[in-house]
Amino acid sequence: MSETILKTENLTKKYGSFTAVDSMSIQVTKGEIYGLVGKNGAGKTTLLKMVSGLSLPDAGEIALFEKNSPAGLNSARARTGCIIETPSFLPYLSAEKNLEYYRIQRGIRNPRCIRKSLEFVGLTDTGKKKFKSFSLGMKQRLGLALAIMSSPDLLILDEPINGLDPMGMAEFREMILRLNREHGATILISSHILSELSQIATTYGFINGGRLIETISAAGLKQKCKRSLKVKTGDTEKAVNVLKRELNCTHLHVSDSNAIYLDEYLEAPEKVVNTLVKNHIPVSEVRQSGLNLEEYFIELVGGMHHDENN
Ligand code: ATP
């Protein structure tokens, strides 16, 4: 069985009478890229801050690398790297000097980690350029370089792609994938834009109003969001036979409400209609169904029920 890297149980954080994180139980397994998805104010940063030790829970438990005692958690946190909110870099120092400052502060012995991290994020050619004149993309890269300086087994990234241009986003995603695949890092990453995570996440945790409302694998989500052609007729059984026989449909299923869902002919619904009508089967509805990832999320957090094929 895969190693559990992070487990929270009924984790709760209150600000006065307001509950920002409400009894949240999540589990992240070794090798996963766990995407935490929730709109602004859902509680993502609050959760990640508690996991990384930047804020104390009011209730509940955290186990990191299967350690949940205060001392165990402390040593487990040395195996994590994080970007939570903007890391505070010194404005008048270069990339290298900033990392040197943090290396000493964190007691990381080997100075070679600085060059390795800068190389990984593509910041070796910034020379004496001061942090204050870095572009946003360079600042984000330096944040990642800092997070990976100690070769962490778990990377905690709070909206790291926020504000980057499309090229910067793609490069950042590529770096995250490499850290996961080539360096074996497990990743816990948050975003309020699902499509940003959809190219990298292996598991999603949807949160809303401080609560975890659904956990689903990337494959499961893809299946749920699959587009298909929904067909309703006056004679479902006959229609299925006709579709199989005359249009060679192999990927179809019938829902409880007698709707036929076809994975084929999405771009040619008229062929489906013509064939059914030719066989004297009345057609009452033909439309594309299924959701894209953002629509799925909106339906989920909006609490609405969605189509019966999902
Ligand atoms: P965003 O994407 O906007 O960062 P988020 O999901 O990360 O959203 P959090 O930053 O965790 O959300 O905030 C969750 C809720 O807790 C919000 O309503 C926020 O206003 C509130 N909150 C966060 N920090 C504090 C604080 N220090 N004092 C009071 N309320 C806070």
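Presented here is a report on the structure given in the accompanying data block. (Residues numbered from 1 in each chain as written. Predicted model: local features only at pLDDT ≥ 70, side-chain atom pairs only at ≥ 80, totals over all residues. Heavy atoms only, no water.)

### Some remarks on the pattern of salt bridges
To keep things clear, this is the line we draw: Salt bridge, as used here: a side-chain nitrogen of Lys or Arg that lies within 4 Å of a carboxyl oxygen of Asp or Glu. Numbering of helices and strands runs from the N terminus, with a helix taken as a DSSP run of H or I at least four residues long and a strand as a DSSP run of E at least two residues long. Accessibility here uses a 1.4 Å probe with only protein chains present; expressed as a share of the type maximum, an area under 20% marks a residue as buried, one over 50% as exposed, and anything in between as partly exposed.
Counting across every chain of the model gives 13 salt bridges. One salt bridge in this structure joins Glu214 and Lys224, with 3.0 Å as the shortest N-O distance. In this pair, Glu214 sits in strand 10 (residues 211-217) while Lys224 sits in helix 8 (residues 218-224), placing the two residues ten residues apart along the sequence. A relative accessible area of 27% places Lys224 in the partly exposed class. Across the salt bridge formed by Arg245 and Glu246, the nearest N and O atoms sit 3.6 Å from each other. Among the residues examined, Arg245 registers a relative accessible area of 54% and is labelled exposed. In this structure Glu246 comes out as partly exposed when scored by relative accessible area, which is 32%. It is possible to trace a salt-bridge network through shared partners that takes in Lys230, Glu285 and Arg287.

### A short note on the site of the ligand
For clarity, the threshold we go by: Near residues are defined by distance, with any heavy atom within 4 Å of the molecule or strand qualifying the residue. Here a polar contact is recorded for every N or O atom pair within 3.5 Å, except that within protein the pair must consist of a potential hydrogen donor and a potential acceptor, and residues adjacent in sequence are included only if both atoms are side-chain atoms. Values of accessible area rely on a 1.4 Å probe in the Shrake-Rupley scheme; residue burial ignores everything except the protein chains shown.
Near the ligand the following residues occur: Tyr15, Phe18, Ala20, Lys39, Asn40, Gly41, Ala42, Gly43, Lys44, Thr45, Thr46 and Glu159. The separation between a nitrogen atom of the ligand and a polar side-chain atom of Tyr15 is 3.5 Å. Thr46 has a polar side-chain atom sitting 2.5 Å from an oxygen atom of the ligand. When isolated, the ligand has an accessible area of 630 Å², and the protein chains bury 59% of it. Mapped by element, the contributors of at least two residues to the shell around the ligand are strand 2 (18-24) and helix 1 (44-52). Here the element with the most residues in the shell around the ligand is helix 1; it accounts for three residues.

### A look at helix 6 (residues 166-181)
In an α-helix there are 3.6 residues to a turn, and that puts residues three or four apart on one side. What counts, and what does not: Expected span, for any helix, means 1.5 Å times one less than how many residues it has. We call two residues contacting when some pair of their heavy atoms lies within 4.5 Å.
Its 16 residues give helix 6 an end-to-end C-alpha distance of 22 Å, which sits within 8% of 22 Å, the value for a rise of 1.5 Å per residue. Three or more residues of helix 6 are buried, namely Gly168, Phe172, Arg173, Met175, Ile176, Leu177, Leu179 and Asn180. The inward-facing, buried residues of helix 6 contact strand 4 (33-37), helix 4 (112-121), helix 5 (136-148), strand 7 (154-158), strand 8 (186-191) and helix 7 (194-197).

By themselves, these are just geometric observations and shouldn't be taken as functional.
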